[in-house]
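Spelled out from the first residue to the last, the chains are:
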Amino acid sequence: MCVWWYMCVWWYKAGMDVSGGNHRHEAPWKRMSKEELDNQYSPSRWVVRLGAEEAMRTYSQIGNEAGLEVPPAHLPHFIGEEVTKRARATGRSLLNVPYGDGDGEKLDIYLPEAVSEAMPFLVFFHGGYWQSGSKDTSAFMVNPLTAQGVAVVIVAYDIAPKGTLDQMVDQVTQSIVFVQKQYPGNQGIYLCGHSAGAHLAAMMLLADWTKHGVTPNLKGFFLLSGVYDLEPIMHTSENAPLLPALEDAQRNSPLWQLETAPTQPADPACRILVTVGQHDSPEFHRQSREFYQTLCQGGWKASFEELHDMDHFEILWNLTQEDYVLTQIILKTIFQES
Ligand SMILES: N[C@@H](CC(=O)c1ccccc1NC=O)C(=O)O
């Protein structure tokens, strides 16, 4: 009887963690095999159109017939390259502006036709599991936003193996400080990130700006198909090298951090939109929902949107379109119409 009792207590405690809650004990990923985790965290395996002829028809406005020759894993960046060329063709961009001393610490600024002191800024962080992607393939939202008077900044950061996750978080912080110092009269800085870039943007909810001598005028976050708990990711073949120890995953997990040490919103009016594509994997859905719920419990002004018939990549690619539901939500949020 005694042995039984000890075993039960041990089993229960083993499921608890220092977050003080025991929902992690039930986290579905803990029951998944390595193969299943690899599957859940490989977004390209969940797409419904990517690489198919229909995708090229849908994206004919972006794409290039040669896209069909490109292997699916490379297609996201390939499409981004075409889009970025178009965004730069307007000629209202400041490219490769340094925000730090490092070679990789550069950003591109895309300006609206009517430049003013008081423009709102959307600052974008690309995805690619912290190992691929570039600012040069990520200018999706530039044209529809600059057309409405929003300046768009696309940030480069040192992806692995050059950069570590901690360094990337630091570079993202610096890039925002740079925008605030360069444009102190801005009408609001809105952070937007896709996938691993949504993770980096979400890490800014925990930033300590006092060390940087300026508090950015952060008014909103648009988090697209992100990952917020890196613990399951450290068990995947693609990301294991980035996260050698559990502490690395926890330190860089906004979900874990907000659960363990809830941070009060500096500006209670700051809006956070957590979105996930309908065709994203169940693990991506779970991460977004849990992050949204944690934000609500912490007193943040958060909202959640599952984007109908979108996969992990389309959720971003469609931002080239002014009438796309997410482009409209972003514009309405920036112009405070909702
Ligand atoms: N090898 C990954 C690639 C990937 O995850 C990805 C590619 C482009 C942009 C974002 C991505 N995911 C997260 O950052 C996959 O299986 O889809």
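Each residue is numbered by its place in its chain's sequence as written, counting from 1. Under the rules for a predicted model, residues below a pLDDT of 70 receive no local features and side-chain atom pairs below 80 are neither given nor counted, while totals for whole chains, interfaces and linings still include all residues. Note that water and hydrogens are dropped before the side-chain values are worked out from all heavy atoms of the structure.

The protein goes by Kynurenine formamidase in an unreviewed UniProt entry, where it is assigned to Bos mutus grunniens. UniProt positions are given in the numbering used here, feature names are shortened, and annotations may be inferred rather than shown by experiment. Taken verbatim from the UniProt record of the protein, the Pathway (unreviewed entry) comment is "Amino-acid degradation; L-tryptophan degradation via kynurenine pathway; L-kynurenine from L-tryptophan: step 2/2." The UniProt entry for the protein carries this comment under Sequence similarities (unreviewed entry): "Belongs to the kynurenine formamidase family."

1. Details of the site of the ligand
Note on terminology: near, applied to a residue and a molecule or strand, indicates that one of the residue's heavy atoms is within 4 Å of it. For the ligand, the set of nearby residues contains 13 residues, the closest of which are S44, G128, Y129, S195 and E238. Two N or O atoms count as a polar contact when they lie within 3.5 Å, although within protein this holds only if one can serve as hydrogen donor and the other as acceptor, and sequence-adjacent residues are included solely when both atoms are side-chain atoms. Between an oxygen atom of the ligand and a main-chain N or O atom of A196, the distance comes to 3.0 Å. Taking E238, its side chain carries an N or O atom lying 3.0 Å from a nitrogen atom of the ligand. Each accessible area is a Shrake-Rupley estimate made with a 1.4 Å probe; only the visible protein chains count as cover when residues are assessed. Look at the ligand: alone it shows 400 Å² of surface, and the protein chains cover 91% of it. Only Asp, Glu, Lys and Arg are considered charged, only Ala, Val, Leu, Ile, Met, Phe, Trp, Tyr, Cys and Pro nonpolar, and every remaining residue, Gly among them, polar. Partitioning the shell around the ligand into residue classes produces four nonpolar, eight polar and one charged.

2. Comments concerning the confidence of the model for the protein
The pLDDT score gives, residue by residue, the confidence of the prediction method on a 0 to 100 scale. On average, residues of the protein carry a pLDDT of 88, and 85% of them reach 70 or more. Across residues 1-22 the pLDDT falls below 50, and counting only partners more than four positions away or on other chains, this stretch makes 12 contacts in the model. For this analysis, residues touch if any pair of their heavy atoms sits within 4.5 Å. This stretch, residues 52-68, has a pLDDT under 50; its non-local contacts, to residues over four places away or in other chains, come to 27 contacts. With pTM at 0.89, the complex prediction returns an ipTM value of 0.97.

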